[in-house]
Amino acid sequence: MHKNMKNPTKTTGIILWIIAFLLTIGIASYQRMTGPTHPEYGDVKAFGGNIEYKFLRSWDVGSGAPVVVSVPDKDVQGFLRFRRYKSHDEWMEIPMNYHNGKLVAELPAQPPAGKVMYNVTLTLGHKKLVLCDAPLILRYKGAVPAYILVPHIIFMFLALMFGIRVGLEIIFKRLNTLQISSYTLIFLVLGGLILGPIVQKYAFDAYWTGWPWGHDLTDNKTLAGVIFWFIAWIKLRKNPNNRLWPAIALLVFLTIYLIPHSAFGSEIDYTQAG
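This is a predicted model, so every value here is computed, not measured. (Residues numbered from 1 in each chain as written. Predicted model: local features only at pLDDT ≥ 70, side-chain atom pairs only at ≥ 80, totals over all residues. Heavy atoms only, no water.)

To continue, consider helix α5 (residues 244–258). Taking 1.5 Å per residue as the helical rise, α5 with its 15 residues ought to reach 21 Å, and the 21 Å between its terminal C-alpha atoms agrees with that figure. Of all the residues in α5, the buried ones are Pro246, Ala249, Leu250, Phe253, Ile256 and Tyr257. Take α5 and look down its axis: the buried residues cluster within an arc of 120°, on one side only. In this structure, α5 carries Leu244 and Leu251 as exposed residues pointing more than 90 degrees from its buried face. (Helix = DSSP H or I, 4+ residues; strand = E, 2+ residues; numbered from the N terminus. Expected span 1.5 Å × (residues − 1). Buried < 20%, exposed > 50% of the residue type's maximum accessible area, 1.4 Å probe, protein only. Arc of directions from axis to C-beta.)

Listed below in structure tokens is the structure:
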């Protein structure tokens with residue numbers, strides 16, 4: 001082989017890392033877009049123009065979450081209807097204020113993990129428009145410092161990317177499955193079991209609300225991922241050619257990531273809390 005020709009094994013490895021990175025971006029974007037905290041966007045033609053809105057579903061404690069709707073006419077009136085989620089509260093309705101082409105109102109502030117259901121109705125003369133088919137649910141959370149949140153996100157991203165790379169290693173029958181699985185497990189433990197509970201503490205004043213103390217799906221997904229990758233790592237240490245268990249761990253991991261983030265997360269049951 002000519003000395004200037006590229007090493008085909010190294011080139012293949014680089015290509016596989018690029019594929020793993022792109023797949024990770026896609027899966028992470030899907031999870032974010034389908035999660036229960038992703039804002040609800042809308043653009044409706046009504047009242048002689050466009051009605052645009054971005055309804056929030058997550059907000060930091062300390063102030064009420066803003067509700068803003070862009071309207072084409074200052075004569076359009078808006079009404080914000082809301083009540084606490086999981087409560088015996090009656091629905092309340094307040095008028096929205098017009099300012100510079102927008103109708104603005106504010107949801108009542110809640111403690112961490114408190115949720116509020118809401119929707120908006122617009123009227124112009126005898127015309128009426130309800131912007132959401134079903135009330136949205138917004139959850140309040142504590143602010144998480146960037147020096148905690150950013151490493152948490154990076155480690156979880158790396159865990160997913162390295163996990164996918166393990167799958168590609170299996171498909172192309174390469175020899176680094178144990179090494180890459182080791183990094184996958186390390187990143188998952190750092191991001192999910194160490195930094196994850198710290199993020200949870202800042203956001204909802206509880207380190208762990210998954211099994212066996214609760215049903216938080218994010219915590220339970222993390223625990224399941226760690227367990228299966230640990231089993232795969234043990235199996236690979238005994239037999240580096242084992243492909244079954246890393247494949248199972250990856251399938252479980254991908255299933256976990258396809259479940260929307262923050263589903264069945266921390267929440268206050270006001271029917272019990274008063």
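This is not the end of the story, as more comes after the structure.
Sheet topology note: the strand β9 (residues 115–124)/strand β10 (residues 127–130) ladder contains four bridges and is antiparallel. Bridged to Thr121 within β10 is Val130. Hairpin geometry of β9 and β10 is characterised by an intervening segment of two residues between the two adjacent antiparallel strands and by a positive phi of about 65° at Gly125. (Pairing = 2+ DSSP bridges.)

On to a nonpolar patch on the surface. Residues Ile14, Ile18, Phe21, Leu22 and Ile25 make up a contiguous nonpolar surface patch of about 450 Å² in total accessible area. Position of Ile18 among the secondary structure elements: in helix α1 (residues 8–34). You can call Ile18 partly exposed: its relative accessible area is 48%. (Patch = residues over 30% accessible without salt bridge, like charges linked within 9 Å, V, L, I, M, F, W, Y side chains within 5 Å. Areas by Shrake-Rupley, 256 points an atom, 1.4 Å probe, with all protein chains shown as cover. Salt bridge = Lys/Arg side-chain N within 4 Å of Asp/Glu carboxyl O.)

Put simply, helix α4 (residues 217–238) and α5 touch, their axes get as near as 8 Å, and they point 165° apart. With respect to each other, α4 and α5 are oriented roughly antiparallel. Of the two elements, α4 crosses α5, and the hand of that crossing is left-handed. For the pair α4 and α5, the contacting residues are Lys221, Ala224, Gly225, Phe228, Trp229, Ile231, Ala232, Lys235 and Leu236 in the first and Trp245, Pro246, Ile248, Ala249, Leu250, Val252, Phe253 and Ile256 in the second. Looking at the contact of α4 with α5, its residues break down into 14 nonpolar, one polar and two charged. (Axes fitted to C-alpha atoms, helices over the stretch in contact; angles between N-to-C directions. Parallel < 35°, antiparallel > 145°, perpendicular 65-115°, else oblique. Left-handed = near helix turned anticlockwise from the far one by under 90°. Contact = heavy atoms within 4.5 Å. Nonpolar A, V, L, I, M, F, W, Y, C, P; charged D, E, K, R; others polar.)

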